[in-house]
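# Tertiary structure, described
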Amino acid sequence: MDEVATLLAQYVRNGSETAFAELVRRHVGLVYSSARRQLGDLHDAEDVTQTVFLALAQNASKIRNGTVLASWLLSATRYVCATGKKMEARRKFHERQSGELPASAKQEVESTAWQEVASVLDEAVAELPESQRGALVLRYFQGMSMQEVAASLGISELAARQRVSRAVIELRQMFTRRGINVTAEVLPVLIGAHAIQAVPPALGISISSAVHVIGSAGAHTAATGMTSALSAKVVWIVAAGLTLATITATIEIAARRPASTSASVGSTTPLLAKASTGPAGWPVELPGQVTGTPAVADLEGNGRLAVIVPCLYQGGALANPHPIQQRLVYALRPDGTVVPGWPVNISAIPGANPVSRSLGWASNPSVMDVDGDGRDEVFILDRDGVDLIKQTPGGVTARKIAPWGDGLGSVPLVDLDGDGQNDIVLGRVLTHVDGSPLPTWPRRRTLYGGFAPCIGDARGDGQLLLYHPFYDDSATVAGYDRFGHLLPGWPHKVMVQCSAPVMGDITGDGTMSVVAVDGGLHLFAWSWDGRPLSATHSQGRLQGIFKEPIEASPPALADLDGEGRAQIIVFDHLTQSLKAWRANGSGVTSPDGTIVRLPGARRCGGVSVVGPDEQGAMNLFVATYWVRLERNKHVTVTNMLPEDADMMTQPTVADLDANRTLDVIFGLSDGRVFVYRTGQHYLPRELQWLTANGNFRRTGAWLPPTTRPTPTRGTGKAG
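Model, not experiment: these values are computed from the prediction.

### Some thoughts on the packing of helix α8 (residues 130-141) against helix α9 (residues 146-153)
Orientation of α8 relative to α9, taken along the N-to-C sense of each, is 140 degrees, at an axis distance of 10 Å. One way to sum up the angle between α8 and α9 is to call them oblique. Seen from above, α8 lies across α9 with right-handed handedness. For the pair formed by α8 and α9, the contact residues are A135, L138 and R139 on the first element and M146, V149, S152 and L153 on the second. Class assignment of the residues belonging to the contact of α8 with α9 gives a composition of 5 nonpolar, 1 polar and 1 charged.

### Considering the pattern of salt bridges
Close approach of charged atoms allows side chains with opposite charge to pair. In total, this model carries 18 salt bridges according to the counting rule given. Between R582 and D561 there is a salt bridge, with its nearest N and O atoms 3.1 Å apart. Placement of the pair is R582 in the loop between β27 (577-581) and β28 (594-597) and D561 in the loop between β25 (556-558) and β26 (567-572), with a sequence separation of 21 residues. The salt bridge involving D613 is made with R628; its shortest N-O contact spans 2.9 Å. Highlighted residues: D613 in the loop between β29 (607-610) and β30 (618-622) and R628 in strand β31 (residues 625-629), separated in sequence by 15 residues.

### Describing the sheet that holds strand β34 (residues 663-667)
Strand order in the open sheet formed by 4 strands is β2-β35-β34-β33, and the pairing between neighbours is antiparallel. Across the chains shown, the open sheet's two edge strands, defined by having one partner strand only, are β2 (284-285) and β33 (652-654). Two elements, β34 and strand β35 (residues 672-677), share 5 bridges in a ladder whose sense is antiparallel. Directly across from F666, in β35, lies its bridge partner F674.

### A few points about the pairing of β26
Within β26, 6 of the 6 residues are buried, leaving the element largely enclosed by the surrounding structure. Burial of the side chains of β26 extends over both faces: Q567, I569 and F571 are buried on one face and I568, V570 and D572 on the other. Summarising the sheet, β25 and β26 pair through 3 bridges and their orientation is antiparallel. Along β26, the bridge assignment pairs L557 with I568. The pairing of β26 with β27 spans 5 bridges and is antiparallel. Counted as the bridge partner of I568 is W581 from β27.

### Re the sheet that holds strand β21 (residues 513-517)
Read across the open sheet, the 5 strands follow the order β20-β21-β22-β24-β23; overall the sheet is antiparallel. Two strands close off the open sheet at either side, each with one partner strand: β20 (502-504) and β23 (537-539). Neighbour to neighbour, the strand axes of the sheet diverge by 40 degrees on average, direction disregarded. Bridge analysis of strand β22 (residues 523-527) against strand β24 (residues 542-547) gives 2 bridges, and the strand direction is antiparallel. From the neighbouring strand, L523 faces β24, where its bridge partner is K547.

### Description of unusual backbone geometry
Residue P343 follows W342 across a cis peptide bond; omega there is 5 degrees. P549 follows E548 through a cis peptide bond whose omega is -10 degrees. Along the polypeptide, P549 turns up in the loop between β24 and β25. A positive phi is found at R660, a non-glycine position, where the angle reads about 65 degrees. With respect to the element layout, R660 can be found in the loop between β33 and β34. With relative accessibility at 45%, the residue R660 sits in the partly exposed group.

### With respect to the pairing of β27
Counting buried positions along β27 gives 5 out of 5 residues, so the element sits mostly inside the fold. Of the two faces of β27, both are covered, the one formed by S577, K579 and W581 as well as the one formed by L578 and A580. What sits between β26 and β27 in their antiparallel hairpin is a turn of 4 residues, with Q576 showing a positive phi close to 55 degrees. Pairing of β27 with β28, which is carried by 3 bridges, proceeds in the antiparallel orientation. In the sheet register, K579 faces β28, and the bridge partner there is T594.

### A look at the packing of aromatic side chains
Geometry of an aromatic ring pair is reported as the spacing of the ring centres plus the angle between the planes. On inspection of all chains with the given rule, the structure shows 8 aromatic pairs. Ring geometry for Y11 and F20: centres 4.8 Å apart, planes at 45 degrees, overall tilted. For F20, a relative accessible area of 2% translates into the label buried. Ring centres of W490 and W526 lie 5.4 Å apart, and the angle between their planes is 75 degrees; this geometry places the pair in the edge-to-face category. Taken as a pair, W490 in the loop between β18 (476-480) and β19 (492-493) and W526 in strand β22 lie far apart in primary sequence, 36 residues in all.

### Here's the deal with the packing of helix α2 (residues 17-39) against helix α3 (residues 42-59)
Contact geometry for α2 and α3: axes closest at 8 Å, N-to-C directions at 135 degrees. With respect to α3, the axis of α2 lies oblique. For the pair α2 and α3, the crossing hand works out as right-handed. In this structure, α2 uses F20, L23, V24, H27, V28, V31, Y32, A35, R36 and L39 to contact α3, whose residues at the interface are L42, D44, A45, E46, V48, T49, V52, F53, L56 and A57. Grouping the constituent residues of the contact of α2 with α3 by class yields 15 nonpolar, 2 polar and 3 charged.

### Some remarks on the environment of A193
Mapping A193 onto the fold places it in helix α11 (residues 186-194). Judged by relative accessible area, A193 falls into the exposed class, the value being 54%. For the pair A193 and G143, spaced 50 residues apart in sequence, the C-alpha to C-alpha distance is 9.6 Å.

### Notes on the side chain of D663
Structurally, the position occupied by D663 is in strand β34. One buried charged residue, D663, remains without a salt bridge, the closest side chain of opposite sign being R677 at 4.4 Å. A distance of 3.0 Å separates a polar atom in the side chain of D663 from the backbone nitrogen of L656. Excluding residues that lie within four positions of it along the chain, D663 makes contacts with T652, V653, A654, D655, L656, D657, V675, Y676 and R677.

### Brief notes about the confidence of the model for the chain
Averaged over all residues, the pLDDT of the chain is 76; the fraction at 70 or higher stands at 73%. This model gives residues 89-110 a pLDDT under 50, and the stretch forms 28 contacts once residues within four places in sequence are excluded.

### Things to note about α9
Every buried residue of α9 is accounted for by M146, V149, A150 and L153. One side of α9 carries all its buried residues, which in axial view fall inside an arc of 100 degrees. Looking at the residues trailing α9, positive phi occurs at G154, about 70 degrees.

Cut-offs used in this document
Residues numbered from 1 in each chain as written. Predicted model: local features only at pLDDT ≥ 70, side-chain atom pairs only at ≥ 80, totals over all residues. Heavy atoms only, no water. Axes fitted to C-alpha atoms, helices over the stretch in contact; angles between N-to-C directions. Helix = DSSP H or I, 4+ residues; strand = E, 2+ residues; numbered from the N terminus. Parallel < 35°, antiparallel > 145°, perpendicular 65-115°, else oblique. Left-handed = near helix turned anticlockwise from the far one by under 90°. Contact = heavy atoms within 4.5 Å. Nonpolar A, V, L, I, M, F, W, Y, C, P; charged D, E, K, R; others polar. Salt bridge = Lys/Arg side-chain N within 4 Å of Asp/Glu carboxyl O. Pairing = 2+ DSSP bridges. Buried < 20%, exposed > 50% of the residue type's maximum accessible area, 1.4 Å probe, protein only. Phe/Tyr/Trp six-rings, centres within 6.5 Å; stacked < 30°, edge-to-face > 60°. Lys, Arg positive; Asp, Glu negative; His and termini not counted. Polar contact = N/O pair within 3.5 Å; in protein donor to acceptor, adjacent residues only side chain to side chain. pLDDT = per-residue confidence, 0-100. Arc of directions from axis to C-beta.

Structure follows, in structure tokens:
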């Protein structure tokens, strides 16, 4: 638990005035500055600040665990200001502003860019998804470093950077729609420099005194204490109907409001099918956030699949100011019950660094039977390295097989050197799956940190090639052969950091292209030897830009139109649209590539593709949406979970109950894991790169369609 959460817990448990006074000291500038931006008047801003902190004092116990307090306070400030404006009948706040601004605020008036941003900043921040809003507020309103943001939210530093980056991009888009032009580079500078203003010295003292009066009076005389302790303006606001409890309730309702489930495609409105309930035993509620995309595995060697789900648990956080997080890996049977011996607490595996146990975690489990005994092993990244989990007749074992290598995402599992033993190549980890060194890769050719690479026979000559993204200062993607030699035409510069690249034959020439998305809103496409595809363009040092602006998770590659070559498929967060393009840049179903808009899919980790089904339709899964694309380009959308679902992962598709139809598995940030039965039978098709990390076993390898296991064949393993 971070210090703010600890202080709030102390106030809730013991009514500690010292703890509350410290909360006021840390956040009074945030609330006061927000009120001034919205109202423009110093005195009104002081009154609103008192009201907001009184709302906090009376409703602290109702704030959900894990809520970013600074974000909650900003939401409360916005609602109080909105109500105050209505009750004041649009008082002329700005007429007084010009004569009453303190010296510390004069630079703001002189900054036209900041004036434009400030006028709508709080409204725009309130529209951000809760996870992004919290990260942005901590980073730029509270002035935390990225490491501090990550620790406060219980996530990895990279995940914190992603949330902040997405928040800035979304804010910029909101400003653009309002006619305010500000770049993504300038916006954080403006917010960081101007968001917090000087607070009147006595304001914090008056707030703490008012809270003390109310707390001392007891519940039955709280209103009387409030009246005597507060300014007349605050009492008037409360008496007019904006009760402190109402403020909290309004924030909660806004945070949980369901997203729209409408959708559109081209000039045709698709059928929005009715969602059905999942099988008995689901959803399963885990004790913490689902931090990775699920995988499926035959753990017991009996042909029955289990769902492997990582979960970040912070139990006992209220009682412990410095809790040791538990990074748990669950194995769930088709009926939703936990496999005996699970979950595995990988935080407790010998060799774990105690310092890293309080940091966040996000990893997709990778699954493979590496020892040939018919039982799948589970590989997963921890903050300290790569862990191997094995189900045996005697129980479950877990051990660390490689030190931390600065890798992210999943553990690539492929026989890179051709010796018959699978290897791990990720960041600084260059080993066999048993932890022994990879002899064909010289130690001096060390790779650096980044998301998981894509690995496959890119040239069509039987030799595996590896394409690895790096998030160091250079922000590049590089290609290597199995001996660690840099391939011709590589590396390529990207902006910010690049997510896990994907590979597949999108040109129809029998060789693989490499496709990647960076944090600068670029979608890249290169040939295996680094040549930008003909439909791309350059921008300074950036070569191979296929489309922009695009904000997306790693793409999927699949043949959607039956022409024998794969298309590039992404969910674009900027337009909230599922899109697909051919290698020549043309859209599959519409000129701009849009297949369907999904306004409700505000957060997702990417697209999963299976098909065709028996009617020849391709099926795409985004967040909780099932999009069925028929040969005539007709689209049907099914919302498998009609509520505002927060998930940073993506769906997994498998025949979980071995009935020869496919099930969709997805985990939410609140810890719930769902299974949705499609009732559809599927036929094999060259999907190329059908989901995160290549396949539903998350091994990071491209497999020829003739050798790739299919979800409806044999034991039902998803490949």
